[in-house]
Structures are given as C-alpha cells and as structure tokens.
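Coordinates in review
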Amino acid sequence: VVFSRVTYIPCEGIVPDDFSHAVTVAEAAERFLGDTERMTQVIYEDDLKLLAAMGASRRFGDLRLCGYVNQLDEEIQKQFSAVTVKLFDDVSCVVYRGTDKTVVGWREDCNMAFLSPVPSQRTAVEYLRQAAEQMPGTFLLCGHSKGGNLAAYAATWAETGVQRRITDIYSLDGPGFLPEVFEGDSYEQIRSRVHRILPVSYTHLRAHETVLDL
C-alpha cells in the first residue's frame, strides 16, 4: 500500500530507469524533498510527508528503488508509470501507478471500459518481462486503482516462466477486466495469488463488488 502511494511521485532523474542500478528510499527522499520545483509536481501533499517518513524509517529507508518509468502518449492515449522496489536480494516488488491528474490518464481509464488491452496494459506486461529478465528471484506485483488492474493484467499475460516467479499480486481498489481477459487458462494460473483490497464502503454494493471481482 505504501509503495503504491509513492509511485505517484515523479522520480525522473532520481530513481534509475534501468534495473541494474538503484538508489535507496532514503537517498531518493532526500533528493526529491530538496528540490522545491519537483515538490510542486506532487498531486497530494500528504505524499511528501509519507516520502519523508519512509526515508527516515528503519523499515523502508534502506530499500532500493530501480526501473522507474513514466510514459505519457496523447496519440495512443497512454499513461503508464512503474517502479521496482528491491525488498531483498532475491525478492522484488513491481509497483504500477494508478491514474494521475493528466487528461490522457483519465481518457485511458474510460477506454478500459470497452477496449482490451489498452496501451498501459500491454506496457505493464513488457515492463514485468524486462524486470524478470534482469533481476533474480521472486516478485510481488501491486498497484492502486488502475495500477492494481495493471498488476493483475501483467501477471495474467506474463510468460509461464515469469508467472511461476510471482508470489502475490495486490490490487488495491483496482477495476476489473472485460470478459475476454478471462478466456483460456492464463488468469486461472495466477487467480489464487491475486489479493483484491477494497474500501469498506464498497462491501454493501454488491453490483460494484461483482464488477471488481477478479
């Protein structure tokens, strides 16, 4: 949940865009919070407080960040961002960003209601492939809102060898899929590893819960 929030923070030039180099959360927080111009780009002010707390934390401060990607393409209506957290030498967490404040991001959200796959879903699969190719061990996948959908989609359509290395997928209030995503047995291979977390206020909305049922 914590890293799903942090992924909304723009980290170009701070977190490496490849998987062979990394910076600690403490280093990233110090550099980001020392740049006034960058701080104005943050959507939610509380995210700055969260980042500062994580940088000073014994639990999070030494974790390493790598593979930062932030892509915006108006022509194909794509808004995609992700970062990978090295939890241990042999365990990494791929975190997908949800919808940001851009018009492109919201348009892609709307497209998800009737198109499959949308560009970000394709890119989510490719991002995971690259991460698995360059990093050892097992993976957790997670994301908030659209990011949760991307995490589940990437795991569903990952190559078999990559799927086997995924231990858990966390979709935090993420929307579901169009029916064609469930055709075949790709999703069945990872269904038991998908953890869907919804706000308590949703539990009485049965119709909404069905739509989000992964």
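Residues numbered from 1 in each chain as written. Predicted model: local features only at pLDDT ≥ 70, side-chain atom pairs only at ≥ 80, totals over all residues. Heavy atoms only, no water.

1. Remarks on the nonpolar core
Counting 31 residues, the largest nonpolar core has Phe80, Val94, Tyr96, Tyr127, Leu128, Leu141 and Ile169 as its most contacted members. The set of elements that each furnish at least two residues to this core consists of strand S2 (64-73), strand S3 (78-88), strand S4 (91-96), helix H6 (119-134), strand S5 (138-144), helix H7 (146-156) and strand S6 (166-172). In this structure Leu128 touches Val94, Tyr96, Leu141, Ala154, Ala155, Ala158, Val162 and Ile166, once residues within four positions along its chain are discounted. Core analysis: the next-biggest nonpolar cluster, separate from the first, contains 26 residues, Ala28, Leu48, Leu63 and Tyr68 among them. (Core = buried A, V, L, I, M, F, W, Y, C linked by side-chain atoms within 4.5 Å. Buried < 20%, exposed > 50% of the residue type's maximum accessible area, 1.4 Å probe, protein only. Helix = DSSP H or I, 4+ residues; strand = E, 2+ residues; numbered from the N terminus. Contact = heavy atoms within 4.5 Å.)

2. With respect to the confidence of the model for the protein chain
For the protein chain, the mean per-residue pLDDT works out to 90, and 93% of the residues sit at or above 70. A low-confidence stretch, residues 206-214 (pLDDT under 50), is modelled with 22 contacts involving residues beyond four sequence positions or located in other chains. (pLDDT = per-residue confidence, 0-100.)

3. Remarks on the packing of H6 against H7
Their axes nearest at 8 Å, the elements H6 and H7 cross at an angle of 60°. As the angle between them shows, H6 and H7 are arranged oblique. By crossing handedness, the relation of H6 to H7 is classed as right-handed. From H6, Ser120, Gln121, Ala124, Val125 and Leu128 reach across to H7, where they touch Lys146, Asn149, Leu150, Tyr153, Ala154 and Ala155. Residues of the contact of H6 with H7, tallied by class, amount to seven nonpolar, three polar and one charged. (Axes fitted to C-alpha atoms, helices over the stretch in contact; angles between N-to-C directions. Parallel < 35°, antiparallel > 145°, perpendicular 65-115°, else oblique. Left-handed = near helix turned anticlockwise from the far one by under 90°. Nonpolar A, V, L, I, M, F, W, Y, C, P; charged D, E, K, R; others polar.)

4. Quick word on the pairing of S3
Within a regular strand, the side chains alternate between the two sheet faces. Counting buried residues along S3, nine of its eleven residues qualify, which places the element largely inside the surrounding structure. Bridge count between S2 and S3: eight bridges; the pairing is antiparallel. Counterpart to Leu72 in the pairing with S3 is Gln79. Between S2 and S3, which pair antiparallel and follow one another directly, the connecting turn spans four residues, one of which, Gln77, has a positive phi of 60°. Inspection of the sheet shows S3 paired to S4 by six bridges, in the antiparallel sense. Each bridged residue has a counterpart across the sheet, and for Ala82 the counterpart in S4 is Tyr96. (Pairing = 2+ DSSP bridges.)

5. Considering the environment of Ala28
Tracing the backbone shows Ala28 in helix H2 (residues 25-33). On the basis of relative accessibility, which here comes to 5%, the residue Ala28 falls in the buried class. Through-space distance from the C-alpha of Ala28 to that of Val103 is 28 Å; in sequence the pair is 75 residues apart. Among residues more than four places away in sequence, those in contact with Ala28 are Ile14, Val23 and Leu65.

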